[in-house]
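The lines below spell out each chain.
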Amino acid sequence: MPELPEVEYAARQVRAAVVGRTVRNLKALHASQRRRLSARDCARVRGATIESVDRHGKHQLLRLSTGDVVVVHFRMTGDWLIDAASAPVPKFARVTLELDDGARVSLVDPRALSTVQVISGEKAFLPRLGPDAADATVSVDTFGAALARRRVPIKVALLDQRVLAGVGNIYAVEALWVAKIDPRVVASSLTHARQARLLDAIRAVLAKASRSSGQYRDADVGRFEVYDREGEPCSRCSAGIRRITQAGRSTYYCPRCQRR
DNA sequence: CGTATCCTGACC
DNA sequence: GGTCAGGATACG
């Protein structure tokens, strides 16, 4: 489950492989991909040069010489696999990008929920995203103002990409633990002090994750404080970690030291 | 505002 | 063989 640090790592990986290269071929191999990435879109990017790769939240943006942008989102299980176009198509490859140097970048995704689309400029979706969660210039006031408008539990608000783009389930849960805030608290009710503590906590958990390899592994789950630790003792106060469902997603928290 | 939907491997 | 997870979005 790639979160922002993993997407940052993936963006660096693909950047090294594609920048300055020309697209020989873009293919959607899976029916679910073809809904957003038509044969026409694929034909349109053929021959274009990839000028840069940016990331905003968990979106990766491949900017082309034509002004078009290939926008990629890994969702749950997407990842890049880079090899030679002459090699067999990798298992679970959903979209492939072949380059003029013979390299092939495959979007591998067992669950096929990833999305790839070609847009002519980013305006089509960027207004829907808040500032990037890793953007250190976001002020407490900006963050707080976004929360003040939401009458949903703070955990649910953190998952809303219009608040901060790139905060996923794991780090939302971890940040609330670090900030000692009960995930069920209504977002708009947070005091300024708690908003500041939470923003710091989000930055801390993302920075910590970025310092590790940046590649998600199952073993990493064991390093989280509360995520996937239902029933285990809180490392701060030893109370049993609880799991609840909020907006259809698992929330883990310490019922003793995360306060309302 | 909440909920169904996509998709398929993993797990019971 | 049925159920579930889960980010984002569409819908009620």
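Refer to the preceding data block for the structure.
Residues numbered from 1 in each chain as written. Chains lettered and ligands numbered in written order. Predicted model: local features only at pLDDT ≥ 70, side-chain atom pairs only at ≥ 80, totals over all residues. Heavy atoms only, no water.

Draft legend 1. Broad picture of the protein's contact with DNA strand C. What surrounds DNA strand C is the set K58, H73, R75, M76, R111, L113, Q161, N169, Y227, R249 and S250. At the protein interface, 61% of the atoms of DNA strand C within 4 Å belong to sugar or phosphate. Take Y227: an N or O atom from its side chain is 3.1 Å from a phosphate oxygen of DNA strand C. Contacts to DNA strand C include S250, whose side-chain N or O atom sits 3.1 Å from a phosphate oxygen. Residue composition of the surface near DNA strand C, by class: three nonpolar, four polar and four charged. (Near = heavy atom within 4 Å. Polar contact = N/O pair within 3.5 Å; in protein donor to acceptor, adjacent residues only side chain to side chain. Nonpolar A, V, L, I, M, F, W, Y, C, P; charged D, E, K, R; others polar.)

Draft legend 2. Focus on the pairing of strand β6 (residues 93-99). With seven of seven residues buried, β6 lies mostly within the body of the structure. Bridging between strand β1 (residues 23-28) and β6 involves five bridges; their strand directions are antiparallel. By the bridge assignment for β6, V23 is matched with L99. Relative to strand β7 (residues 103-108), β6 is paired through five bridges, and the arrangement is antiparallel. The partner of A93 across the bridge, within β7, is V108. Between β6 and β7, which follow one another and run antiparallel, lie three residues, and G102 among them has a positive phi close to 90 degrees. (Buried < 20%, exposed > 50% of the residue type's maximum accessible area, 1.4 Å probe, protein only. Helix = DSSP H or I, 4+ residues; strand = E, 2+ residues; numbered from the N terminus. Pairing = 2+ DSSP bridges.)

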